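Here are the chains, one letter per residue:
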Amino acid sequence: MLYINILLQLLLPAAVASWSVSYYPRSICAFERASVDFSCMFDCSDCRTLKKTYWFKPGAHQKQDGSQVGISVYNSEAAKIHQMYKNRTAYANRDKNCSLQLHNVSKSDTGMYFFRFETYSSRGKYTGPGGINLNVAVLPFRVTVKTKKVNEQIHEGDSVTLTCSTENCTPTQEPFAWFKNQHLIPEATDSVLQITSVSHDDFGNYSCGLKNSSTTSADEILLDVRYSPKNVKIAVLPSGKIQEGNSLTLICKSDANPAATNYSWFMIKEAYVSYIGSDREFSIKSASQKDDGQYFCTAKNDMGSQNSTVAALKVEVPSHRNFFLTATAVFLFLMAVLLVMFGLIIRRRKQFTSKKQPKEQTSAVSVTEEIYENLRKSPESEKNLTTNVIYVVLRLLSSTSDRPRCNSQEDGTMIYSLLSYKD
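As annotated in an unreviewed UniProt entry, the protein chain carries the name B-cell receptor CD22 and comes from Cyprinus carpio. Within the UniProt record for the protein chain, the comment given under Subunit (unreviewed entry) is "Predominantly monomer of isoform CD22-beta. Also found as heterodimer of isoform CD22-beta and a shorter isoform. Interacts with PTPN6/SHP-1, LYN, SYK, PIK3R1/PIK3R2 and PLCG1 upon phosphorylation. Interacts with GRB2, INPP5D and SHC1 upon phosphorylation. May form a complex with INPP5D/SHIP, GRB2 and SHC1."

Encoded structure:
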């Protein structure tokens with residue numbers, strides 16, 4: 001019997017040398033309340049002599065290399081399973097398969113896990129080296145932004161990396177979802193969002209989460225891209241037609257980060273460009289036709305500047321003024337016609353009188369002299385010398401006058417009013 005024990009002692013080291021345990025994966029990151037699989041295979045020279053198998057986790061004050069047996073996560077002797085792991089594990093319990101499933105993981109489950117088996121030999125105990133490291137990701141997600149710039153200010157053209165992570169670790173086995181201003185970015189499904197050359201269109205608030213879950217980052221993070229003014233344009237208030245005498249305001253609008261602080265206004269008229277203002281708004285208190293022309297503005301910030309598109313202004317004259325000018329022109333035309341007719345009447349009267357009266361009766365005063373002698377300014381024109389209107393009264397003498405009559409009309413007075421418009 002003594003010889004048999006000595007022989008076993010000599011053969012045991014060689015047998016132990018052939019024992020092995022393999023783990024997969026060597027590191028696991030899982031979300032809280034998830035289930036994890038510790039894949040495991042083991043081998044021994046004579047597994048038929050196994051006494052027990054178990055998984056353990058070293059205590060907080062023990063070595064984490066497996067050299068010290070900690071609390072029992074799973075044990076073929078159920079009574080030895082630690083209270084915090086009871087009813088939370090499932091062991092494969094198949095030939096040389098030592099895989100373990102752990103349910104409802106929490107932050108306290110973070111740590112190293114090892115598989116160990118024992119034989120009936122006093123020295124037949126073996127712990128698989130290396131073990132499996134379990135990290136438990138604690139929600140919520142958070143987004144971090146990294147750039148190569150020292151001052152961390154992000155300008156157009158910079159390379160930017162956005163990382164979606166959680167406390168302790170970030171699981172990568174499930175597809176991710178990225179959101180910009182709460183809108184899904186369809187092509188982004190990894191935990192890292194790389195933007196090689198940012199533009200002003202990338203400016204916004206970003207968040208992330210799992211693609212098949214409603215869980216997103218608790219707080220959005222602003223991707224603060226700094227850029228020169230873009231889309232500079234002019235807004236005219238009030239909108240619509242511009243009537244003469246009305247007030248209006250021209251506003252220089254732009255998209256810029258930081259916001260534009262310097263503005264310049266210019267007016268183009270008859271091929272000449274004039275500088276007219278330096279504020280964001282340019283106001284015209286009482287529009288007139290002299291304000292007709294093309295306008296543009298320049299917006300500027302620390303990153304650069306840009307000109308706006310040209311806005312054309314056309315001031316319209318009120319309709320009542322157009323009517324007055326038209327009526328005046330028509331009136332002057334009619335007065336000119338009357339004046340011509342008046343001249344023709346005078347001329348015909350002169351001819352008629354010359355033929356009808358004897359020469360001896362018209363020796364004192366000619367008919368022409370008689371008629372024009374009775375032309376005089378009316379009192380109205382003498383009172384209003386500052387106006388442009390002159391009234392003329394033509395009085396024809398009655399038949400009782402000593403002077404000859406010009407026609408066969410009854411005694412009376414004929415009055416003609418002449419209006420002369422002076423510019």
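Here the narrative resumes, following the displayed structure.
Caption draft 1: Layout of the pattern of salt bridges. All chains considered together, the criterion is met by eight salt bridges. With a shortest N-O distance of 2.6 Å, R88 and D109 are connected by a salt bridge. Separated by 21 residues along the polypeptide, R88 in the loop between β5 (71-75) and β6 (89-91) and D109 in the loop between β7 (100-102) and β8 (111-119) bring together distant segments of the chain. Note on R88: relative accessible area 14%, which makes it buried. Linking E156 and K230 is a salt bridge whose minimum nitrogen-to-oxygen distance equals 3.4 Å. Here K230 lies in strand β18 (residues 225-237) and E156 lies in the loop between β11 (154-155) and β12 (160-167), a separation of 74 residues in the sequence. Accessibility expressed as a relative area gives 31% for E156, which makes it partly exposed.

Caption draft 2: Spotlight on the side chain of D292. Along the chain, D292 falls in the loop between β23 (281-284) and β24 (293-301). The class of D292 is buried, set by a relative accessible area of 14%. For D292, the contacting residues outside a window of four places in its chain are M267, K269, L313, K314 and V315.

Caption draft 3: Here's a closer look at the sheet that holds strand β13 (residues 176-180). Strand order across the open sheet formed by four strands is β14-β13-β16-β17, with antiparallel pairing between neighbours. At either end of the open sheet lies a strand with only one pairing partner, and these are β14 (183-185) and β17 (221-223). Taken over all neighbouring pairs, the strand axes of this sheet differ in orientation by 40° on average, direction set aside. Sheet topology note: the strand β16 (residues 204-210)/β17 ladder contains three bridges and is antiparallel. Considered in β17, the bridge of Y206 is made with I221.

Caption draft 4: Geometry of the state of the cysteines. According to the stated counting rule, one finds four disulfides in the structure shown. Disulfide partner of C29: C169, at an S-S distance of 1.9 Å. The S-S bond linking C29 to C169 shows a torsion near 85°; that makes this disulfide right-handed. Residue C29 is located in strand β2 (residues 27-31), and its partner C169 is located in the loop between β12 and β13; the two are separated by 140 residues in the primary sequence. On the accessibility criterion, C29 (15% relative accessible area) is buried. Assessed through its relative accessible area of 13%, C169 is described here as buried. Between the sulfur atoms of C164 and its disulfide partner C208 the distance amounts to 1.9 Å. Because the sign of the S-S torsion sets the handedness, a value of about 80° for the bond joining C164 and C208 places this disulfide among the right-handed ones. On the criterion of sequence distance, the pair formed by C164 in strand β12 and C208 in strand β16 is long-range, its members being 44 residues apart. Classification of C164 as buried rests on a relative accessible area of 1%.

Caption draft 5: Quick peek at the packing of aromatic side chains. Following the criterion strictly, the structure yields 19 aromatic pairs and no others. Ring geometry for Y74 and Y91: centres 4.4 Å apart, planes at 15°, overall stacked. Of this pair, Y74 sits in strand β5 while Y91 sits in strand β6, and the two are 17 residues apart along the sequence. An identical accessibility class is assigned to Y74 and Y91; each is buried. Consider the rings of F282 and Y295, whose centres lie 6.3 Å apart with planes at 40°: the pair is tilted.

Caption draft 6: Representation of the side chain of K57. Checked against the element boundaries, K57 lands in strand β4 (residues 50-57). One buried charged residue, K57, forms no salt bridge at all, with the nearest opposite charge on D109 at 5.3 Å. One polar contact links the side chain of K57 to the main-chain carbonyl oxygen of S108, over a distance of 2.9 Å. Setting aside residues no more than four positions away along its own chain, K57 makes contact with G70, I71, V73, Y85, S108, D109, T110, G111, M112 and Y113.

Basis of the calculations
- Residues numbered from 1 in each chain as written.
- Predicted model: local features only at pLDDT ≥ 70, side-chain atom pairs only at ≥ 80, totals over all residues.
- Heavy atoms only, no water.
- UniProt positions renumbered as here; feature names shortened; annotations may be inferred.
- Salt bridge = Lys/Arg side-chain N within 4 Å of Asp/Glu carboxyl O.
- Helix = DSSP H or I, 4+ residues; strand = E, 2+ residues; numbered from the N terminus.
- Buried < 20%, exposed > 50% of the residue type's maximum accessible area, 1.4 Å probe, protein only.
- Contact = heavy atoms within 4.5 Å.
- Pairing = 2+ DSSP bridges.
- Axes fitted to C-alpha atoms, helices over the stretch in contact; angles between N-to-C directions.
- Disulfide = S-S within 2.5 Å.
- Phe/Tyr/Trp six-rings, centres within 6.5 Å; stacked < 30°, edge-to-face > 60°.
- Lys, Arg positive; Asp, Glu negative; His and termini not counted.
- Polar contact = N/O pair within 3.5 Å; in protein donor to acceptor, adjacent residues only side chain to side chain.

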